Amino acid sequence: MTSAVMMHIVDNVAVIEVDNPPVNALSFAVRSGLQTTLREAEHNEAVDAIVLSCRGNTFIAGADITEFGKPMQPPALPDLLSEMDTLTKPMVAALHGTALGGGLEVALTCHYRVALESAKVGLPEVLLGILPGAGGTQRLPRIAGVELALDMITSGRKVSSKEAAKAGLIDKVVSDDLQNAAIAFAKKVVNNKAPLRRISELTATVSDPAIFDQYRAKLAKTRRGFDAPQRCVDTVQASVELDFADGMKKERELFLELMQGTQSKSQRHMFFAERMAAQVQGLSKGTPTRDINSVAIIGAGTMGSGIAINFTNKGIPVTMLELSFEALERGIKHIHRYYDGQVAKGRISEEQAASAKQLVSGTDNYADLSDVDLVIEAVFESMAVKQDVFTKLDKYCKPGAILASNTSTLNVNTIASFTSRPQDVIGLHFFSPANIMRLLEVVRADSTADDVLATAMKLAKHINKVGVVSGVCDGFIGNRMLKGYGREAGALLLEGVSPARIDKALYDFGMAMGPLTMGDLAGLDVGYRVRKERRERGEYVPETDGAIADRLVEAGRLGQKAGKGYYRYEEGSRTPIPDPEVDAIIKEAMDALGCEPREIDDEEIVKRLIYPLINEAALILDEGIAQRPSDIDVVYIYGYGFPVYRGGPMFYADTVGLPAIVADMEQFQARYGDDWQVAPLLKTLAEQGRSFADLSSK
Ligand code: 3H9
């Protein structure tokens, strides 16, 4: 017995308890403790049955992910569970919290399962780029049916006790006193002399075997580029076509293959990166936070109303401020429409929608904001407009209110200077659509108080966002990195590579969409205006910069909103269609600038776009704008559609190898000039044989 697993006997029932905070993961101590206590219970004549339960907040939430990639100390989980399957005394798992992955696999090896109403069960391995590797793919279809097993295993979805009980996966649901209920259940099994129900002895059947190919086809679209979901289908199919022992062999083989692959390493990296992002340098766990019970949003446009929904979803009242009545009404209607849509989709009830709508009010008067705890400004991206807003906020808001800007590029220090309380000012950069995208860049200005920053990070989690701290610079972490990405897309066009080829290369790399489709979505006029203003200010902007985009804008092709940009769009459709008119504009620009077409393969297209991201990120790290490389990965995956199976730009750079990236960049520099200058940090790491991961110690 180890201190991670304890056993005591109640009325001839051995109660084995796992105690391994925070989530009772199946570390070596737990596996070996379980092995010892189970053997003891099996051999103890005073024991008639076994209850397996956990202390703390949850039943076992899975294998210990920190042990992955290291040599596994025996007993390995599959071996432990094979042994458990031979035990002759009834075993009952008592489930509370989240019984996930290896935790659910342990429970499925017990003969019965009793769960708290609030408990959830799931096999989320696929989200880590692997598949359940301790019998989950073979036992779940045998007990819960192939359909539910395919759904749960390929999506990683957590299922409520109620749903699990309906599928036969849980035998009894109780509202409290779980351990005693499980003991009573075990005693009943003993008294009734009920046979042991080993799931491994059941048969998995499927009414229509076409379901496997249907799943494969669906996942090829919804989980494009991911290996694990397809392999999950293979293993569930094996549960139907092979006997239990051979199915287990197949599961093992595919599990190991995925575990050793780069995709799983990337996805596991993201699991920890996301949690690491919550740790803010200079803040301790004890940093106080301010209460946020009411929010005001300045600006009721698409962004402002999207931001508002995050708070109303959590029951926090929101006051929208707009100077024009029409704009205010439009914003509030947008929020109401969102809730009506949720009702129509069956996600919430009419009553829930009605109470969420009631949380939204509107005003055109700053004096009405005198009592709110947090204000988020989401107005037009101009410093003069921000100055006007923040001067008023400073005048009307109560002391201690947090004043945030949703600016995506402007200097938050300057914005803070418009108030007499710069310590209360912070950047909260949401990504569109603001109620859906998970990223929140939290911009720490020079004077931002620690408790304001800590409050913002806590709030991010509360509204289901992943907060990442950024320092102040033009574009913060995410948008600043896009500079070279956009530049190279434009340069490739001038080398005769079509928009569709550029976008396809990046889409095939795994990006949610290519750079030009993204440009059309965001609107090409924004960049056009910026370049024009810079030229008018006398700043040097090379003729090639935005050469195509500017011509498109001047031809009225502003992007999706105009029905045409780099592509054309049919009425009401977002599908980009290549347009010969654009080819002609590109040709005209190439002729005007004396550009020669070049043969460029997809590999170069990807390097030309992704390496500038990595290079700019290296500068951002060097300047201390980002706290650590993994934060940058989180920004790109949650905010910019970077494929999670590549782990984010920094992790991807490490998998390619920094010396190889530097060598390619030096070649590009020789051909294209100093835009390709390698960042000092990137060069140094490459020379020293180190990686970005080596910088991620905190
Ligand atoms: C598996 O089981 C494979 C098997 O099929 C086969 C094996 C052969 N291991 O998320 P939180 C840490 S694969 C180690 O903030 P919450 C986490 O890093 C596994 N550590 O809490 C964090 O540490 P820190 C399948 C883990 O309440 C702390 O616990 N299972 C693990 O918001 C708190 O986490 C999964 O994929 C772990 N398995 O959510 C489940 N899990 O405080 C993964 C968590 O130092 N876990 N930690 O930052 C989760 O989904 C959530 O953590 C959970 C709690 C829902 C459990």
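A quick note: this is a predicted structure, and the numbers were derived from the prediction, not measured.

Now for the domain arrangement of the chain. Looking at the assigned domains, one finds that the chain contains domain 1 (5–259), domain 2 (295–476) and domain 3 (478–600). Here the C-alpha centre of domain 2 lies 43 Å away from the C-alpha centre of domain 1.

Scanning the entire structure with this criterion turns up 10 aromatic pairs. Geometrically, the ring pair formed by Phe-226 and Tyr-645 is edge-to-face, given 4.9 Å between the ring centres and 80 degrees between the ring planes. Residue Phe-226 is located in the loop between helix 8 (210–222) and helix 9 (228–241), and its partner Tyr-645 is located in the loop between helix 25 (629–639) and helix 26 (649–656); the two are separated by 419 residues in the primary sequence. Across this residue pair, the class does not change: Phe-226 and Tyr-645 are buried.

So, on to the site of the ligand. Neighbouring the ligand are 23 residues, the closest being Ala-63, Gly-102, Glu-105, Glu-125 and Arg-275. Between an oxygen atom of the ligand and a side-chain N or O atom of Arg-275, the distance comes to 2.8 Å. Considering the ligand on its own, with 1,000 Å² of exposed area, one finds that the protein chains cover 72% of that surface. Considering every element that reaches the shell around the ligand, the biggest residue donor is helix 11 (residues 262–276), with three residues. Counted by class, the shell around the ligand contains 14 nonpolar, five polar and four charged residues.

Below, the discussion takes up the sheet that holds strand 5 (residues 98–100). Within the open sheet, the three strands sit side by side as 5-7-8. Their pairing is mixed. What marks the edges here is a single partner per strand, and that holds for strand 5 and strand 8 (159–160). With three bridges connecting them, strand 5 and strand 7 (residues 120–122) associate as parallel partners. Across the sheet, residue Ala-99 finds its bridge partner in strand 7, namely Val-121. Sheet contacts for helix 3 (residues 102–109): strand 5 and strand 7; angle to strand 5, the most-contacted strand, approximately 85 degrees.

What counts, and at which threshold
Residues numbered from 1 in each chain as written. Predicted model: local features only at pLDDT ≥ 70, side-chain atom pairs only at ≥ 80, totals over all residues. Heavy atoms only, no water. Domains from an automatic or database assignment. Phe/Tyr/Trp six-rings, centres within 6.5 Å; stacked < 30°, edge-to-face > 60°. Helix = DSSP H or I, 4+ residues; strand = E, 2+ residues; numbered from the N terminus. Buried < 20%, exposed > 50% of the residue type's maximum accessible area, 1.4 Å probe, protein only. Near = heavy atom within 4 Å. Polar contact = N/O pair within 3.5 Å; in protein donor to acceptor, adjacent residues only side chain to side chain. Areas by Shrake-Rupley, 256 points an atom, 1.4 Å probe, with all protein chains shown as cover. Nonpolar A, V, L, I, M, F, W, Y, C, P; charged D, E, K, R; others polar. Pairing = 2+ DSSP bridges. Contact = heavy atoms within 4.5 Å. Axes fitted to C-alpha atoms, helices over the stretch in contact; angles between N-to-C directions.

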